[in-house]
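Okay, here's what each chain looks like letter by letter:
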Amino acid sequence: MISQAIQPVQSYASLPDELQVFAGRQADVRLAVPAVSSAVVDRPDIVGLDDQAAMHVTRQQPLHLHPQQTGHAKLTLKLWGKIPVKTVHVNVIPDLRVVPGGQTIGVKVKSAGILVVGHHLVRSGQDERVSPGETAGIKLGDLITHMDGKRLDGVAGVSEAVELAGKSKKGIDVVLKRGKETVKTRLTPAYDSEDQAWRLGLYIRDSAAGVGTLTFYAPDQGVYGALGHVITDMNTQTSIVVGSGQIVQSNVTSISKSETGDPGEKRAHFLKESKILGNIERNTAFGIFGKMSGNPEHSLYSKGIPVAFSHEVKEGPAEILTVVDGQQVERFSIDIVHVADQTEPATKGLVLRITDPKLLDKTGGIVQGMSGSPIVQNGKLIGAVTHVFVNDPKSGYGCFIEWMLQDAGVMMKKENDKNLKAG
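Let me sum up the structure you'll find in this document. Values in this document were obtained by computation on a predicted structure and should not be read as measured data.

## Notes on the sheet that holds strand 1 (residues 18-22)
Then, number 1: Spatial ordering of the open sheet is given by 1-7-6-3, a layout of four strands whose pairing is mixed. Looking at strand neighbours, the two that pair on one side only are strand 1 and strand 3 (37-41), the edges of this open sheet. Recorded for the sheet is a direction-independent mean angle of 30 degrees between the axes of neighbouring strands.
Then, number 2: Here strand 6 (residues 71-79) runs beside strand 7 (residues 83-93); their pairing, made up of nine bridges, is antiparallel. Residue pairing in the sheet places Gly71 in a bridge with Val92 of strand 7.

## Brief notes about the pairing of strand 14 (residues 172-178)
Then, number 1: Across four bridges, strand 12 (residues 143-147) lies against strand 14 in antiparallel orientation. Each bridged residue has a counterpart across the sheet, and for His146 the counterpart in strand 14 is Val175.
Then, number 2: Hairpin connection of strand 14 to strand 15 (residues 181-187): two residues between the antiparallel strands, including Gly179 at a positive phi of 70 degrees.

## Some points on the pairing of strand 28 (residues 350-354)
Then, number 1: For strand 28, the tally of buried residues reaches four of five residues, placing the bulk of the element in the interior.
Then, number 2: Direction of pairing for strand 27 (residues 329-339) relative to strand 28: antiparallel, over a ladder of five bridges. Looking across to strand 28, one finds that Ile334 is bridged to Ile354.
Then, number 3: Bridge analysis of strand 28 against strand 31 (residues 392-400) gives four bridges, and the strand direction is antiparallel. Bridge pairing in strand 31 links Arg353 to Ser395.

## Observations regarding the layout of surface pockets
Then, number 1: Quantified by volume, the largest pocket comes out at close to 910 Å³.
Then, number 2: Looking at the largest pocket, it is lined by 32 residues, and the ones nearest its centre are Val211, His229, Gln368, Gly369 and Ser371.
Then, number 3: For the lining of the largest pocket, the secondary-structure elements that each account for two or more residues are strand 9 (104-119), strand 18 (202-218), strand 21 (265-270) and strand 30 (380-389).
Then, number 4: Considering every element that reaches the lining of the largest pocket, the biggest residue donor is strand 18, with six residues.
Then, number 5: Among the residues making up the lining of the largest pocket, the classes are represented as 18 nonpolar, ten polar and four charged.

## A short note on the pattern of salt bridges
Side-chain pairs of opposite charge can arise whenever the charged atoms involved come near each other.
Then, number 1: Applying the stated rule across the entire model yields 16 salt bridges.
Then, number 2: Here Asp95 makes a salt bridge to Arg25, at a shortest N to O gap of 2.5 Å. A residue pair is termed long-range when its members are at least 10 positions apart, and Asp95 in the loop between strand 7 and strand 8 (97-100) and Arg25 in the loop between strand 1 and strand 2 (27-29) qualify at 70 residues.
Then, number 3: With relative accessibility at 13%, the residue Arg25 sits in the buried group.
Then, number 4: Residues Asp173 and Arg186 are paired through a salt bridge, measuring 2.7 Å at the closest nitrogen-oxygen approach. One end of the pair, Asp173, is in strand 14; the other, Arg186, is in strand 15, and 13 residues separate them in sequence.
Then, number 5: Accessibility expressed as a relative area gives 40% for Asp173, which makes it partly exposed.

## Some thoughts on the environment of His338
Then, number 1: Looking at the secondary structure, you find His338 in strand 27.
Then, number 2: Sequence-distant contacts of His338, defined by excluding residues within four places in its chain, comprise Glu315, Gly349, Leu350 and Val351.

## Thoughts on empty space enclosed by the protein
The method is simple in principle: a probe with the dimensions of a water molecule rolls over the atoms, and the space it marks as empty is what remains.
Then, number 1: Taken as a whole and judged by the stated rule, the model has four cavities of 30 Å³ or more.
Then, number 2: By volume, the largest cavity is sized at about 80 Å³.
Then, number 3: Lining the largest cavity are Gln103, Thr104, Ile105, Gln249, Ser250, Leu277, Pro296, Glu297, His298, Val323, Gly326 and Gln327.
Then, number 4: When contributions to the lining of the largest cavity are tallied by element, the ones reaching two or more residues are strand 9 and strand 20 (242-256).
Then, number 5: Split into classes, the residues belonging to the lining of the largest cavity amount to four nonpolar, seven polar and one charged.

## Details of the nonpolar core
Then, number 1: Core analysis: the biggest nonpolar cluster contains 67 residues, and Phe216, Ile247, Ile288, Ile320, Ile336, Ile375 and Leu405 have the highest contact counts within it.
Then, number 2: When residues no more than four places from it in sequence are discounted, the contact partners of Ile336 are Lys314, Glu315, Gly316, Ala318, Leu350, Val351, Leu352, Ile375, Gln377 and Ile382.
Then, number 3: Val47, Leu65, Val88 and Val92 belong to the second-largest nonpolar core, a separate cluster that totals 18 residues.

## Focus on the packing of aromatic side chains
A ring pair, where both rings are aromatic, is described by two values, the distance of the centres and the angle of the planes.
Then, number 1: Scanning all chains against the criterion turns up three aromatic pairs.
Then, number 2: The interplanar angle of 20 degrees and the centroid separation of 4.5 Å between the aromatic rings of Phe22 and Phe309 together place this pair among those described as stacked. Residue Phe22 is located in strand 1, and its partner Phe309 is located in the loop between strand 25 (305-306) and strand 26 (316-323); the two are separated by 287 residues in the primary sequence.

Thresholds, definitions, all that
- Residues numbered from 1 in each chain as written.
- Predicted model: local features only at pLDDT ≥ 70, side-chain atom pairs only at ≥ 80, totals over all residues.
- Heavy atoms only, no water.
- Pairing = 2+ DSSP bridges.
- Helix = DSSP H or I, 4+ residues; strand = E, 2+ residues; numbered from the N terminus.
- Axes fitted to C-alpha atoms, helices over the stretch in contact; angles between N-to-C directions.
- Buried < 20%, exposed > 50% of the residue type's maximum accessible area, 1.4 Å probe, protein only.
- 1 Å grid on protein atoms, 1.4 Å probe; cavity = no way out; pocket = protein on both sides within 12 Å on 5 of 7 lines; lining within 4 Å.
- Points joined across faces, edges and corners; volume = space filled by probe spheres on them.
- Nonpolar A, V, L, I, M, F, W, Y, C, P; charged D, E, K, R; others polar.
- Salt bridge = Lys/Arg side-chain N within 4 Å of Asp/Glu carboxyl O.
- Contact = heavy atoms within 4.5 Å.
- Core = buried A, V, L, I, M, F, W, Y, C linked by side-chain atoms within 4.5 Å.
- Phe/Tyr/Trp six-rings, centres within 6.5 Å; stacked < 30°, edge-to-face > 60°.

So, in structure tokens, the structure goes:
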């Protein structure tokens, strides 16, 4: 008897502690309540409820919330209409609309320092080969930010510092980033008897370039989001710390089709490089973000459309916007086959499957360069394509647009909302 009475109360722990909704837009929330329950809000002027729905919250019928104005309210669920068992903080934020992208973009990134992508041996004597960098404890993926107290803007300043240190027979004081850790070491160049030059025994890089897809442009904030996933160095697989960067127009010239075991790719070249679409300020788990002054050419939308929170996304039909030829953005049908329950930012929020015959015929499924393609469902921007399943290229992952909007600075992060409530 005791276990049966306690079980419904324990199940409420899985309900979210916090919920975000847009002002002026009804939100339908499905709550997997374990028993007959009711709902009440402390600020009906901020969030209203359907009277009948509030009296009887069930698994089958969603709870209809009517956000009236921005602010915070507490939604309390009561077991059997009497016992308060769960309080959900409802944050009502201003209505938000952004312009879906789909345009293929060229991405040019310069790192905030120089990235170590390999070691090599320097022939410093008849039979002696050493790598000064490896001897100094420098590892692949390290980002060297300073040499002898001077900030490095790129590889151009390295050779001069190395030659100066070698000729004066002094080591170089190096500061580098290794993940979140700052490491200091001393690096002594070796003279390469074959090249007759001073060497560090390191392969280094300060920039990267590629092709991706624009996800959205937020006209009110003048910012954009693209790619849906982090840019990593192809040799070390470490994320690139952005020093500067640009996105430019790109033209798709051909498609290498996806096949099982081979994800395929868009082949494209940069256009009008003097015409910069936007800068790159951040490279995060959910893509690249920066400023953009206007809606780029070839957009299918002249103005913004609503965005959906992760809890609003449903399994079923949707569409993606992307380019498969030239610069023309097109719509293609897909199915959302799985929606992850994410209350905090995390990748792989959606599993999607391409169903559009035209797209399958052209690409075979999801190809490299399609990452960032916006996903639209029921007239709302819900996410972006991020990865392909290598063994099933018709399917892949997507991320929720909510997390991209947070990283773009368009939408407030939940921890900030909590601080606001506490204040």
